[in-house]
Amino acid sequence: MTRWLDSLPQLKALTIFGLLVLLTLAVTWQVERYRYDRGLQQLHQAGENRLLFHISGMRRNLNRTRAMPFALAQNPDVIHLLESPQTADSKPVDLFLEQINQVAATRRWEVLDLQARIVASSDWRERRNGREAFYPGAQFFEQAIQGERGGYFEARGVNGLPIYLLSAPIYGRGGLAGVGLVTLDLGRLEQSWTATDETVLVSDRDALVFLTNSDGWRYHLLPLEGRSVRIGPERRSDLRGHRRELQDGTRVVLLDSPAGPTYLMQSVWLDDLEWQVHLLTDLGPLLRSQRSLVLFCLGGGLAFCLLALLLRERLLKNRLHAEADALRLRNEAQQRAIIGSTQVGLITLDQRGRVRSINPEAMTQFGVHGNLIEGRPVTALLATADGPESLRSFFNTLDADDAPRAVKAVEGRALRGDGSEFPALLSINPLAWEDGDGYLVTVVDISRRKRAEQALQRANDVLEQRVQERTAALREAQKELIQQSKLASLGTMSAAIAHELNQPLTAIQTSLSSTRLLLQRGAGEQVERQLERIAAMTERMATISGQLKVFAHKRVDRFEAVSARKVLKQVLELMQERLRSGRVSVLWQGEADLTLYADEPRVEQVLVNLVRNALDAMADNPGGQLTLRLEGTAGRGQIAIYDQGAGLSEEVLEHLFDPFFTTKDVGEGLGLGLSISYGIVRDLDGQIRAENHPQGACFTIDLPLYPAQSDLNGSDQ
């Protein structure tokens, strides 16, 4: 068998092993089924005899009580009481019934008249309510009235226990005089079943168990066919049961008990009593025997399969050892060929760091011959003293008990046979040899790469120097361009400023003439008012001329506390003539003021450009509104300028801050204002953005707040 298994391919052997397992399971299942059915057949045959035995005993006990009611018909006191109920004394009859009830060990004896009233009873001592009509229309009473022997069963009678009532007619001199009634306690039948280990049940026509020698089954509904109704909501749910047909055709009923075990249930229906007697045989011993047989079959089959598997594994292991030896020899030959032809230096070491072999590429790199270096420490080829930390750590731990960690691609210095050094990329990894452990050292000469890196570094240094020089030149050009933009702004504003100065000069001239006449007239108060007017117009002219100083010269950036509202008011003073001529109203929103940390002249230059652009946008819409909004949050201040112009298209928004981009006609603008403003704001550590709002365009400047106000805003939040 071992040669047969050894000759099969692995897949075929696994298939056969699986088939053996399936065969074992199938045989086990067949044996288990046969043993179970055979055991049920034997239990069923034995149970039939035991069931008939219990039924015979129960009938004998019932038959002994059937003639008890007729004993009352022979008692003259009973007949006299029924014929003369008004004059006869019932106490002798009560005493007679009490005595016979104790002797017969029954539940109760009673005498009924023809109206179903109790005239005498064995429990007369307990009755306190007289002789009431107790059984009118009862089945057993009607049977006795008709001259027949009556019987009636009640599953839950006195004190909730099952009872059986027997009745018989009582005749007097004038014919039928009354009815004798005997109540039997069926619980006494259970006492005859206590001596057996079997479970005996008696159920009514509704399959309700009322007699049993096991209290756990009482008042359960059995899963029987033909059950009519369920009486009373207090009944428990049905038990689980199922039918099974055995191999010989016998049908049996298996029933699960409330306690858990499974029983074989055999039943016989008693037509005269309308009872069904059941015998329950515990299947626990059969199931335990069945499980033992199953475990034996499975254990034997599994042992056989494991034995076959063990034999096959042993054969495969021997074959694998042979194949592994052959593969190792082939691999060693291939490795030697690869090592000899590779373009990377390879050196193999033993556990002590001595050279075992060196490939031709490594001999070329180091300028040595293999016979001269083999057996020597590899440190003769590597400069480890000033090498990387990982390389020094590797060689320092070679003699320790713990194996050194592998070295992954570190740059070091290698030593040639003539004493010169060259840069190398080194890696050291552990290897397992047939005769012990060792290490593989990989050496890559990186001299050419190092020379290229040095040349690249020199080129980068030169390029960096040129970039710095070019950046400085661009910054100077930007400053010059900003100053030129100021001068250009002066040119565009010269006409408006000249007109703005001409008006107060004309007013001053007129006021002086009026003052001269008032002096001649001696009107001192009017002269004082004229002088105040002249002083106010002079102050206005000084304010306008003061604003021009900002654009007239260059200055070094000086960051200080700048009032945003003050700067905006100065810009509005410069643009007063355009605001008046365009009937433009100014709306202030947001906070009352912001203290920015910036250079005031440069902030004012940006705001002049933005306000002038806003007024240009509203030139075709006289009577518009210019909205100025101040907001501060998280250490930043925002100045937003809203106009009511035509807004900005997507194309304009994309190139708005590009140099020389303008939407004005030729000769009206150079396209440098917003570009210069963008650069100024960026130099002030700020941001400028443009967007549309429902009525026009909006430009927002974001600048840092002065530290004092920044701390105040942060604490407010």
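All of the points below concern the structure found in this document.

In this section: the overall build of the protein. Of the regular secondary structure elements, the protein holds 18 helices and 24 strands. In the protein, buried positions account for 39% of the 717 residues. If you take every contact in the protein between residues at least 6 apart in sequence, the share linking residues at least 24 apart comes to 57%. For the protein, the accessible area works out to roughly 40900 Å², and carbon and sulfur atoms hold 52% of it.

Next up on the list: the pairing of strand 21 (residues 625-633). Residues in a regular strand point their side chains to alternate faces of the sheet. Relative to strand 21, strand 19 (residues 585-590) runs parallel, the two being bridged by six bridges. Bridging from a neighbouring strand, Gln 589 pairs with Arg 629 of strand 21. Across seven bridges, strand 21 lies against strand 22 (residues 636-642) in antiparallel orientation. Each bridged residue has a counterpart across the sheet, and for Leu 628 the counterpart in strand 22 is Ile 641.

Right, let's get into the pairing of strand 9 (residues 251-256). Counting buried positions over the six residues of strand 9 gives five, a clear majority of the element. Both strand 8 (residues 241-245) and strand 9 contribute to a ladder of five bridges, which runs antiparallel. When the sheet's bridge partners are listed, Gly 241 is paired in strand 9 with Leu 255. Taken together, the four bridges between strand 9 and strand 10 (residues 262-270) define a ladder with antiparallel strand orientation. Bridge assignment links Asp 256 to a residue of strand 10, and that residue is Thr 262.

Okay, the environment of Ser 122 next. With respect to the secondary-structure elements, Ser 122 resides in the loop between strand 2 (118-121) and helix 5 (139-145). Each C-alpha atom of the pair Ser 122 and Val 182 lies 9.8 Å from the other, and the pair is 60 residues apart in sequence. Among residues more than four places away in sequence, those in contact with Ser 122 are Asp 94, Leu 97, Glu 98, Asn 101, Arg 108 and Trp 109.

Let us look at the sheet that holds strand 4 (residues 163-172). Taken in spatial order, the five strands line up as 2-1-5-4-3 in an open sheet, and their pairing is antiparallel. Edge positions in the sheet fall to strand 2 and strand 3 (150-154), since each has one partner strand and no second. Strand after strand, the sheet turns through a mean of 25° between neighbouring axes, direction not considered. With five bridges joining them, strand 1 (residues 108-112) and strand 5 (residues 175-185) adopt antiparallel strand pairing. By the bridge assignment for strand 5, Trp 109 is matched with Val 182. Across the face of the sheet, helix 3 (residues 76-83) comes into contact with strand 1, strand 2, strand 4 and strand 5 while running at roughly 75° to strand 4. The strands touched by helix 4 (residues 91-104) are strand 1 and strand 2; relative to strand 1, the strand with the most contacts, the crossing angle is about 145°.

To continue, consider the sheet that holds strand 7 (residues 209-212). If you trace the six strands from one edge of the open sheet to the other, you get 7-6-11-10-9-8, paired in antiparallel fashion. Among the strands making up the open sheet, the edge pair consists of strand 7 and strand 8. Averaged over all pairs of adjacent strands, the angle between strand axes in this sheet comes to 35°, irrespective of strand direction. Across eight bridges, the pairing between strand 10 and strand 11 (residues 275-282) is antiparallel.

To continue, consider the nonpolar core. Grouped together as the largest cluster of nonpolar side chains are 42 residues, with contacts concentrated most on Leu 596, Leu 607, Leu 610, Leu 626, Ile 641 and Ile 701. Elements that contribute at least two residues to this core include exactly helix 13 (564-574), strand 20 (595-598), helix 15 (600-617), strand 21, strand 22, helix 17 (673-683) and strand 24 (696-704). The leading source of residues in this core is helix 15, at eight residues.

Attention shifts here to unusual backbone geometry. You will see that Arg 583, though not glycine, has its phi angle at about 50°, which is positive. Within the fold, Arg 583 resides in the loop between helix 14 (576-581) and strand 19. The phi dihedral of Ala 634 falls on the positive side, at around 55°, and the residue is not glycine. On the accessibility criterion, Ala 634 (58% relative accessible area) is exposed.

This part is about the packing of aromatic side chains. The tally for this structure, following the rule as stated, stands at three aromatic pairs. Ring centres of Phe 559 and Tyr 597 lie 5.8 Å apart, and the angle between their planes is 35°; this geometry places the pair in the tilted category. Of this pair, Phe 559 sits in the loop between helix 12 (524-552) and strand 18 (560-563) while Tyr 597 sits in strand 20, and the two are 38 residues apart along the sequence. Their ring planes at 50° and their centres at 5.9 Å tell us that Tyr 597 and Tyr 706 sit as a pair that is tilted. Pair noted here: Tyr 597 is in strand 20 and Tyr 706 is in the loop between strand 24 and helix 18 (707-716), with a separation of 109 residues, a long-range link. Its end group placed over the ring of Trp 588, Arg 565 keeps NZ or CZ at 4.0 Å from the ring centre.

Turning our eyes to something else, we now look at a nonpolar patch on the surface. On the surface, Leu 19, Val 21, Leu 22, Leu 25 and Leu 298 cluster together into a nonpolar patch covering about 420 Å² of accessible area. Examining the composition of the nonpolar patch, we find that four residues originate from one element, helix 2 (residues 10-63), more than from any other. Mapped onto the elements, Leu 298 comes out in helix 7 (residues 284-341). On the accessibility criterion, Leu 298 (30% relative accessible area) is partly exposed.

This part is about the environment of Trp 217. Topologically, Trp 217 is positioned in the loop between strand 7 and strand 8. By relative accessible area, which is 3% here, Trp 217 ends up buried. It is 9.2 Å that separates the C-alpha atoms of Trp 217 and Thr 199, two residues lying 18 residues apart in sequence.

If you check which residues of helix 3 are buried, you get Val 78, Ile 79, Leu 81 and Leu 82. Viewed end-on, helix 3 has its buried residues packed into an arc of 160°, placing them on one side of the element. Along its buried surface, helix 3 packs onto helix 4, strand 1, strand 2, strand 4 and strand 5. The opening residue of helix 3 is Asn 75, an N-cap whose side-chain oxygen sits 2.9 Å from the backbone nitrogen of Asp 77.

The geometry of a pair of packed helices is captured by two quantities: the angle between their axes and the separation between those axes. Put simply, helix 15 and helix 17 touch, their axes get as near as 10 Å, and they point 145° apart. Crossing of helix 15 over helix 17 shows left-handed handedness. Of helix 17, the residues touching helix 15 (which contributes Arg 602, Gln 605, Val 606, Asn 609, Leu 610 and Asn 613) are Gly 673, Leu 674, Ile 676, Ser 677, Ile 680, Val 681 and Asp 683. When its residues are assigned to classes, the contact of helix 15 with helix 17 shows six nonpolar, five polar and two charged.

About the cut-offs
Residues numbered from 1 in each chain as written. Predicted model: local features only at pLDDT ≥ 70, side-chain atom pairs only at ≥ 80, totals over all residues. Heavy atoms only, no water. Helix = DSSP H or I, 4+ residues; strand = E, 2+ residues; numbered from the N terminus. Buried < 20%, exposed > 50% of the residue type's maximum accessible area, 1.4 Å probe, protein only. Contact = heavy atoms within 4.5 Å. Areas by Shrake-Rupley, 256 points an atom, 1.4 Å probe, with all protein chains shown as cover. Pairing = 2+ DSSP bridges. Axes fitted to C-alpha atoms, helices over the stretch in contact; angles between N-to-C directions. Core = buried A, V, L, I, M, F, W, Y, C linked by side-chain atoms within 4.5 Å. Phe/Tyr/Trp six-rings, centres within 6.5 Å; stacked < 30°, edge-to-face > 60°. Lys NZ or Arg CZ within 6 Å of the ring centre and 35° of its normal. Patch = residues over 30% accessible without salt bridge, like charges linked within 9 Å, V, L, I, M, F, W, Y side chains within 5 Å. Salt bridge = Lys/Arg side-chain N within 4 Å of Asp/Glu carboxyl O. Arc of directions from axis to C-beta. Polar contact = N/O pair within 3.5 Å; in protein donor to acceptor, adjacent residues only side chain to side chain. Left-handed = near helix turned anticlockwise from the far one by under 90°. Nonpolar A, V, L, I, M, F, W, Y, C, P; charged D, E, K, R; others polar.

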